[in-house]
Amino acid sequence: MKIVNIGSRESKLAVVQSEMVKEYINSHNRDVEAKLVTMKTTGDIILDRSLDKVGGKGLFVKELDKALMDGRTCLSVHSLKDMPMEISEDLPLIAFSRREDPRDVLVLPEGSTEIDFSRPVGCSSLRRMLQFKKLYPQAEFANVRGNVITRLAKLDSGQYSALILAAAGVKRLGLEHRISRYFDPEEMIPAAGQGILAVQGRADMEYDFLNGYNDPEGEMAALAERAFVKELNGGCTSPVAAHARIQNGTIYLKGLYYDEKDGGHLIGSITGPADKKSASELGRELAAQLREEYERKHIG
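Residues numbered from 1 in each chain as written. Predicted model: local features only at pLDDT ≥ 70, side-chain atom pairs only at ≥ 80, totals over all residues. Heavy atoms only, no water.

J.: Break down the packing of aromatic side chains for me, with residues and values.
T.: Enumeration according to the criterion identifies 7 aromatic pairs in this entry. Considering the side-chain rings of Phe-117 and Tyr-136, the 5.8 Å spacing of their centres and the 40° angle between planes classify their relative orientation as tilted. Residue Phe-117 is located in the loop between β5 (104-107) and β6 (121-122), and its partner Tyr-136 is located in the loop between α5 (126-135) and β7 (141-142); the two are separated by 19 residues in the primary sequence. Note on Phe-117: relative accessible area 27%, which makes it partly exposed. Assessed through its relative accessible area of 18%, Tyr-136 is described here as buried. Between Tyr-207 and Phe-209, the ring centres sit 5.6 Å apart and the planes meet at 65°, which makes this aromatic pair edge-to-face. (Phe/Tyr/Trp six-rings, centres within 6.5 Å; stacked < 30°, edge-to-face > 60°. Helix = DSSP H or I, 4+ residues; strand = E, 2+ residues; numbered from the N terminus. Buried < 20%, exposed > 50% of the residue type's maximum accessible area, 1.4 Å probe, protein only.)

J.: Could you give an account of the sheet that holds strand β3 (residues 75-79), naming the residues involved and the relevant values?
T.: Hydrogen bonds along the backbone pair up the strands of a sheet, which may run parallel or antiparallel. Judged by pairing direction, the sheet is mixed, and its 5 strands sit side by side in the order β2-β1-β3-β10-β4 without closing on themselves. Only two strands of the sheet have a single neighbouring strand rather than two, namely β2 (32-39) and β4 (93-96). The sheet shows a mean angle of 30° between the axes of neighbouring strands, direction not considered. Bridge analysis of β4 against strand β10 (residues 197-200) gives 3 bridges, and the strand direction is antiparallel. Residue pairing across strands places Ala-95 opposite Val-199, the latter belonging to β10. (Pairing = 2+ DSSP bridges. Axes fitted to C-alpha atoms, helices over the stretch in contact; angles between N-to-C directions.)

J.: With reference to specific residues and values, describe the pattern of salt bridges.
T.: Tallied over the full model, the rule gives 21 salt bridges. In this structure, Arg-103 and Asp-101 form a salt bridge, with 2.8 Å as the shortest nitrogen-oxygen distance. Given the relative accessible area of 26%, Arg-103 is considered partly exposed. Judged by its relative accessible area of 9%, Asp-101 is buried. Connected through salt bridges with shared partners, the residues Arg-9, Lys-81 and Asp-82 form a single ionic network. (Salt bridge = Lys/Arg side-chain N within 4 Å of Asp/Glu carboxyl O.)

J.: Provide a residue-level description of helix α6 (residues 148-156), including the pertinent values.
T.: Among the residues of α6, those classed as buried are Val-148, Arg-151, Leu-152 and Leu-155. The buried residues of α6 occupy an angular sector of 100° when projected down its axis, which confines them to one face. At its buried positions, α6 is contacted by α1 (12-28), β5 and β8 (162-166). Looking at where α6 begins, the residue whose side-chain oxygen comes 3.1 Å from the main-chain nitrogen of Ile-149 is Asn-147. Remark: Gly-158 follows α6 within two positions and exhibits a positive phi of approximately 100°. (Arc of directions from axis to C-beta. Contact = heavy atoms within 4.5 Å. Polar contact = N/O pair within 3.5 Å; in protein donor to acceptor, adjacent residues only side chain to side chain.)

J.: Lay out the packing of helix α8 (residues 216-231) against helix α9 (residues 276-298) with the relevant residues and their values.
T.: Interaxial distance between α8 and α9 falls to 7 Å at its minimum, and their mutual angle equals 30°. Our classification of the angle between α8 and α9 gives roughly parallel. Crossing of α8 over α9 shows right-handed handedness. Side by side, α8 and α9 meet where Glu-219, Met-220, Leu-223, Ala-224, Ala-227, Phe-228 and Glu-231 of the first sit next to Lys-276, Ala-279, Ser-280, Gly-283, Arg-284, Leu-286, Ala-287, Leu-290 and Arg-291 of the second. When grouped by side-chain class, the residues that make up the contact of α8 with α9 number 9 nonpolar, 2 polar and 5 charged. (Parallel < 35°, antiparallel > 145°, perpendicular 65-115°, else oblique. Left-handed = near helix turned anticlockwise from the far one by under 90°. Nonpolar A, V, L, I, M, F, W, Y, C, P; charged D, E, K, R; others polar.)

J.: For the side chain of Ser-76, give the residues involved together with the corresponding values.
T.: With respect to the helices and strands, the residue Ser-76 is situated in strand β3. Among all residues touching Ser-76, those that are not within four sequence positions of it are Gly-7, Leu-64, Leu-68, Ala-198, Val-199 and Gln-200.

J.: Please provide a residue-by-residue account of the sheet that holds β8, values included.
T.: In spatial order, the strands read β7-β6-β8-β5-β9; together these 5 strands make up an open sheet with mixed pairing. This sheet does not close on itself; its edge strands, each paired only once, are β7 and β9 (179-183). Here β5 runs beside β9; their pairing, made up of 4 bridges, is antiparallel. Residue Val-107 lies in a different strand from β9, and its bridge partner there is Ile-179. In the packing of α6 onto the sheet, the strands contacted are β5 and β8, and the crossing angle to β8 comes to about 165°.

Everything listed is a geometric property; what it means functionally is a separate question.
Shown next, in the form of structure tokens:
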């Protein structure tokens, strides 16, 4: 029996997501047994400062990457939206899940039906703040960190008037009943990769036991969205956003360009054939178009 150790963060959501991959491997391979190896990452430990102040999204993967390189694990499972745009060639992304609901959602304190704007909205994402402010100009924000369960406890204790969270995580935790409102991608463009699980492995290993797991549509959406953000050098501090959907052999990609110098932004879209090569090209092309259009309107 071959043992496959899966690296996972310790949070309940991370474990639930890693269990999904574990169950796939165990149910599709008679001679393989997948087990979870959980660990606390630096990003889980430092909760009193926003990500841009302590090193960005890489803080959620550093320990998992080390375990992969050391051979303590065979693969890692991540929320793709939490992955840095630069991925080591030694630790490639080897599979993408079918996408869960990619939308952002509004969560109110238990028993509330409306936002109490006398208190701040709990949000640490500039992308969400920028777009939420267009919908609710009177909103003020306060930094909120920690896993979903921790954030909900802070919300219900009265620290915040509302939270903005990813629908995928809330649903995977079985907490869909807490969702007060869904934000359509037309009004709040999600983070690149939101709702998709990424499986990361080692370049020198074979992963036959994952055959059939990769979702082609999830992969194409991931490639298009991440190419858009990468082209704009968008990291965890930038509200750059992208959302792709695949329908009838076509990729529809929508992106938000943000100018770091003056705080202005521009939204645009592009379509193209649904294949892996075109997906990345579309992301880069839309990024270049929006950057050029913004500079033409506001600079030249």
